[in-house]
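Topology and contacts: notes
Letter by letter, the chains look like this.
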Amino acid sequence: MSVERLTAAARTLLQDEIAAAHGREVSFVVRADPNGTLADARVVARGTIDAVLALPGVAQRGEMLLHNHPSGFLEPSGADLHVAARLHDEGVGFGIVDNDVTTLYVVVECPRARNLQHLDALEIANLLTESGPVARVLGTAAFEDRPGQRDMAAYIADTYNDGGIALLEAGTGVGKSFAYLVPALEWARLNGERTVVSTNTINLQEQLVGKDLPILARAFSTGDRSVTFALLKGWRNYLCLSRLEQARAGQESLFDDGRGAELEAIAGWASRTADGSLSDLVEEPSNDVWDAVAAESDLCTRLKCPHFDRCFVFAARRRAAEADVVVVNHHLLASDLAVRIASDNWQEAAVLPPYRRLVLDEAHHLEDVAAHHLGMQVSMLGVQRLLGRLERNGRGLLPALAAELSTHDDLLGAASRDLLTRTVLDALIAARRWADELFGRLARRLDAAHGAAPVLRLTDAFAGDDVWREGLDVALDNVLIAFSKLRDGVETIADRLSIDDPAEMRTRLIGELRGVVRRLDAAAEGLKATLQPVGYRAPVGPAVRWMERRGRRTPNLTLSAVPLDLAPVLKEALFDRVETVVLTSATLAAGGEFTFLEERLGLSLPPSRVTVREILPSPFDFGAQCVFGIPTDIPEPRDDESGHGAAVARVLLELAHASDGGIFALFTSHGQLRRTADSIRGSVAARWPLLVQGEGQRDQLLRRFRDAGSAILLGTDSFWEGVDVPGRALRVLILAKLPFKVPSEPLTAARLERLTEAGVDGFTHYLVPLAALKLKQGFGRLIRTKSDVGAVVLLDRRVVTKRYGATLLEGLPPAARAIGNWPEVRQELEEFFAMHSIGALPPASQAGR
């Protein structure tokens, strides 16, 4: 084939670079114009006489990857064909030249550039009118005309057309999910491009997949095209049929007594379940059983697996690869981002399929979720669980492998059995002993520093702490040595057995063992990153380190190293690489501005790609539907904590009598919540059901609250958002305190220090905006529909006595306000309750008596 398609300049560059590489293989990228001419050549990799890297992501749609075959034989190898197929899926061509660049063989032509069809923003908005397809599916009674929803959909349509980033705060009742799903589905119909929608909470995921998308699928599916969508979860959320089969076959040597019934129950469920995910199980299995049967990326044999055709993970991934909309959570999105950063893969599938259009709902959580996924954590219980999988009370992977090897009377099997029972088990005993010593010393150090306080930040000064001289250094060194010996022993056994043709069970057990020691290696990296950071190179810049004790029933010491500044990472690795990004939430703006969010996420770093900043207000009539009470005679929590706590309990009881229950009280700490619960329990239990976070599952408590109609629910952090209780079951919302972050919390403290170093007041520019967003989220729990009415009571007078109070109040819904001494506020609330029949049966119910 002629090289005439190469411009003279491109051909010369190829010849010069191949000569400079002394005839070795070199990879180039060239641009193809509409006529097929190849120009603008650049070198992307150099290799050997036999091979060169075909790096993912080095070529864009409309370009061609070229490399030379020094032999002059231009027939593509099997590897060449594999690369060519992969590149074609990305819109990239593939070709081969000889060393003199006299002949060009094009394996795959560059797909012609697609002409993207733009969305008509007005037409998109009209799809959400009372004459549109959504209204026809919902019916007249259920459809609500929402101008803010149509405006939001139009903004998003323009962002799909032009690219860039849209920041859209949508107040309660705007209907933001339809506002972004409709443009996403229409874009997929016109251009064949998927949109990834990422949420923070399971509740919103379930709403999108279980309610919103099925409605839109009925509205927009036609005879020749159906709307497709998929929910994608992390690997460990799915059952692995191969691991289940292995666990059942070896349960006598793998598990303690009593776990067989769990395995058989899972096996029965596996034949009935639609998606094979943990959330589909009626009863959640024990950790050790699910650890043994959950899908794991690094244990998966993929096409070699006998169960591949029935695999739940790959069925979910296939559905996602073919879907118009893929729904994930921020944790999975951040995992995908971490993999792409580590592998420099920006074009191919990673944890998620490749995407160019992204919607981030509940976007205000992205920074914290990404920080933890791009950081490192290691926990005492996590290490104990890994070591327990190797061996616990005579059961586990090592005894199972020993039993398997005993059935094969060959020299390799005998040598491996000897190595297993001596070296590997000795290393396991050492690992267990020194891990207990390590975490025990850290726990005692935590107790000595803060008593009952659960967190200790590990600053640079920790390197000189007495705990090292008292034995922490020896314990850490020995843990790392023991983990290393476990890895070396398992790998030696695996290498020996690979010489033979081992039984399937033996192969699977070796794979499981390798998976465990890989995780132990990751735990070792976590220990070094948190306890020995000097010389340890963090993957994404400086880290904040701390240790903390979590869990009340089963205390667990956890070590964390989290990136301090994610702004440049998120900008470079996410926001600059995705064509269209929509960030939305009921709380994006603090004080009416998006500045805080933009700075935290790197969106303000030049050049900014943000094209839209809009606040779409709630359509609800808050002035008529809600009264906002702020008593000014309640003791300030910082000045008189016990007095404030007593006042919270008193107000809660008085409001319970005034409203006949139906109260949702939000706290900023578990301690204050428990003290309040203990204080009021005897006074309310006989009349109103008292539901307390920590005394039941979150969803269970919410269901009981809705069903009771007059209950009192006390919740903390996770209840401030993602909770939806429309109707009369919730009629009073109490916010016990302004939701400021604790300044001494390690990540918060480090961020405040960074701001101080930059000459910025951290309280004003970090703590206040965060509190404003959280306060707005809490306030939003009350009014969920146009017919809801009720009262919000904030028991923290600082919001009206401090200068920063105006910033906190500015972003709240425009409810009628009652500010004054508690007796005055209570009287206004009682008048509001009387006007709306709160505290009594609704008029219709009374009439039917």
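These notes cover the structure that comes with them. Since the model is a prediction, treat every value here as computed from it, not as a measurement. (Residues numbered from 1 in each chain as written. Predicted model: local features only at pLDDT ≥ 70, side-chain atom pairs only at ≥ 80, totals over all residues. Heavy atoms only, no water.)

Quick word on empty space enclosed by the protein
As enumerated under the stated definition, the model contains three cavities of 30 Å³ or more in all. By volume, the second largest cavity is sized at about 50 Å³. Considering the residues around the second largest cavity, the lining is formed by Leu232, Lys233, Gly234, Trp235, Tyr238, Val313, Arg317, Leu332 and Val351. Split into classes, the residues belonging to the lining of the second largest cavity amount to six nonpolar, one polar and two charged. (1 Å grid on protein atoms, 1.4 Å probe; cavity = no way out; pocket = protein on both sides within 12 Å on 5 of 7 lines; lining within 4 Å. Points joined across faces, edges and corners; volume = space filled by probe spheres on them. Nonpolar A, V, L, I, M, F, W, Y, C, P; charged D, E, K, R; others polar.)

Quick notes on helix H6 (residues 176–191)
The terminal C-alpha atoms of H6 lie 23 Å apart, and with 16 residues this matches the ideal 22 Å at 1.5 Å per residue to within 8%. Among the 16 residues of H6, 14 are classified as buried, and the element is accordingly described as predominantly covered. In the stretch just after H6, Gly192 is the one whose phi turns positive, near 70°. (Helix = DSSP H or I, 4+ residues; strand = E, 2+ residues; numbered from the N terminus. Expected span 1.5 Å × (residues − 1). Buried < 20%, exposed > 50% of the residue type's maximum accessible area, 1.4 Å probe, protein only.)

Observations regarding the sheet that holds strand E19 (residues 690–692)
Ordered by their spatial adjacency, seven strands build an open sheet running E19-E20-E18-E21-E22-E17-E23, and the pairing between neighbours is parallel. Only two strands of the sheet have a single partner each, and these edge strands are E19 and strand E23 (816–820). This sheet shows a mean twist of 15° between the axes of neighbouring strands, independent of strand direction. As paired elements, strand E18 (residues 663–666) and strand E20 (residues 712–715) share four bridges and run parallel to each other. When the sheet's bridge partners are listed, Ala665 is paired in E20 with Leu714. Most of the contacts of helix H27 (residues 762–779) go to strand E21 (residues 732–735), to which it runs at about 155°, and overall it touches strand E17 (626–631), E18, E21 and strand E22 (790–794). (Pairing = 2+ DSSP bridges. Axes fitted to C-alpha atoms, helices over the stretch in contact; angles between N-to-C directions. Contact = heavy atoms within 4.5 Å.)

Comments concerning helix H10 (residues 260–270)
Listing the buried residues of H10 in full gives Glu262, Leu263, Ile266, Ala267, Trp269 and Ala270. When H10 is viewed along its axis, its buried side chains cluster within an angular range of 165° and face the same direction. (Arc of directions from axis to C-beta.)

Digging into the nonpolar core
Judged by nonpolar contacts, the single largest core of 71 residues is most densely connected at Leu232, Leu239, Val293, Leu358, Leu360, Phe575 and Leu583. In this structure, Val383, Leu390, Leu438 and Ile493 belong to the second largest nonpolar core, which totals 53 residues. (Core = buried A, V, L, I, M, F, W, Y, C linked by side-chain atoms within 4.5 Å.)

Quick word on a negative patch on the surface
On the surface, Asp633, Glu824, Glu828, Glu830 and Glu831 cluster together to form a negatively charged patch. For Glu828, the location among the structural elements is in helix H30 (residues 822–835). (Patch = residues over 30% accessible without salt bridge, like charges linked within 9 Å, V, L, I, M, F, W, Y side chains within 5 Å. Areas by Shrake-Rupley, 256 points an atom, 1.4 Å probe, with all protein chains shown as cover. Salt bridge = Lys/Arg side-chain N within 4 Å of Asp/Glu carboxyl O. Lys, Arg positive; Asp, Glu negative; His and termini not counted. Charge placed at Lys NZ, Arg CZ, Asp CG, Glu CD.)

Some points on the packing of aromatic side chains
Aromatic rings considered in pairs are described by the distance between their centres and by the relative angle of their planes. Per the counting criterion, the structure on display carries twelve aromatic pairs. Where Phe462 meets Trp468, the ring centres are 5.9 Å apart and the plane angle is 65°; that geometry is what we call edge-to-face. For the pair Phe462 and Trp468, one class covers both residues: buried. On the numbers, 6.0 Å between centres and 50° between planes, the contact of Phe596 with Tyr766 is tilted. Placement of the pair is Phe596 in helix H21 (residues 595–601) and Tyr766 in helix H27, with a sequence separation of 170 residues. Taken together, the ring pairs in this structure connect Trp235, Phe308 and Phe314 into an aromatic cluster. Stacked on the ring of Phe308, the Lys or Arg Arg318 has its end atom at 5.9 Å from the ring centre. Above the plane of the ring of Phe719 lies Arg698, whose end atom (NZ or CZ) is 5.3 Å from the centre. (Phe/Tyr/Trp six-rings, centres within 6.5 Å; stacked < 30°, edge-to-face > 60°. Lys NZ or Arg CZ within 6 Å of the ring centre and 35° of its normal.)

Considerations on unusual backbone geometry
That bond from Pro606 to Pro607 is cis: its omega, -10°, falls within 30 degrees of zero. Note that Pro607 resides in the loop between H21 and strand E16 (610–616). Even without glycine at this site, His22 takes up a positive phi of about 55°. Locating His22 in the fold gives a position in the loop between helix H1 (8–20) and strand E1 (26–32). Positive phi, close to 55°, is recorded for Asp40, a residue that is not glycine. For Asp40, the location among the structural elements is in strand E2 (residues 38–46).

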